[in-house]
Amino acid sequence: LQPDRVPTLGNLAIALANRKRAGDLLRAERILERIVALAPDDPDGHENLAGVRFERGDREGARAAYSRALELLPPGSQRAAEVRAFMERIRPGGE
């Protein structure tokens, strides 16, 4: 296993996040932070990081990561629309 392989790290982070335990979410967040450092122009890492931060209760951090993912996604894409809709739901006063 080569630890700096983004897909391998991404799979590990998602597996940890899916367990939804506090320690695993924190580990997933740290791995995803490493992923976005290694691949800063890949929206997947930012979007996954946002999801983990949201699960951990860090709405501000989630919004920042979703915002970066949105900058990297094609503007008219379905995925960009989904990210925008989720950002609207998690904005202050959005829920």
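The coordinates are above.
These figures come from a predicted structure and were not determined experimentally. Residue positions within a chain follow its written sequence, with the count starting from 1. With pLDDT at 70 or above as the cut-off, local features in this predicted model cover only qualifying residues; side-chain atom pairs require 80 or more to be listed or tallied, and sums for whole chains, interfaces and linings still use all residues. Heavy atoms throughout the structure, all of them, feed into the side-chain values; hydrogens and water do not.

Caption draft 1: Up close: the side chain of Asp 24. Numbering of helices and strands runs from the N terminus; a helix is a DSSP stretch of H or I covering at least four residues, while a strand is a stretch of E covering at least two. For Asp 24, the location among the structural elements is in helix α2 (residues 22–38). Relative accessible area serves as the criterion here: at 6%, Asp 24 is assigned to the buried category. Whenever a nitrogen or oxygen atom comes within 3.5 Å of another N or O atom, the pair is scored as a polar contact, on the condition that within protein one atom can donate a hydrogen and the other can accept it, and that pairs from neighbouring residues in sequence are kept only if both atoms are in side chains. Among the polar contacts listed, one links the side chain of Asp 24 to the side chain of Arg 19, at a separation of 3.0 Å. Whether a residue is buried, partly exposed or exposed follows from its accessible area with a 1.4 Å probe, protein chains only, as a fraction of its type maximum: under 20%, in between, or over 50%, in that order.

Caption draft 2: Looking closely at helix α4 (residues 59–72). With 14 residues, α4 should cover 20 Å at 1.5 Å per step; its first-to-last C-alpha distance of 20 Å lies within 8% of that length. Those residues of α4 lying buried are Gly 61, Ala 62, Ala 65, Tyr 66 and Ala 69. Seen end-on, α4 carries its buried residues on one side only, within an arc spanning 130°. Those residues of α4 that are exposed and angled more than 90 degrees off the buried face are Glu 60 and Glu 71. On its buried face, α4 sits against α3 (43–55) and α5 (78–90). To estimate the expected span of a helix, subtract one from its residue number and multiply by 1.5 Å. Along the arc lie the directions from the helix axis toward the C-beta atoms. Contacts are residue-level and defined by heavy atoms, with any inter-residue pair within 4.5 Å sufficient.

Purely geometric stuff here, so don't read any function into it on its own.
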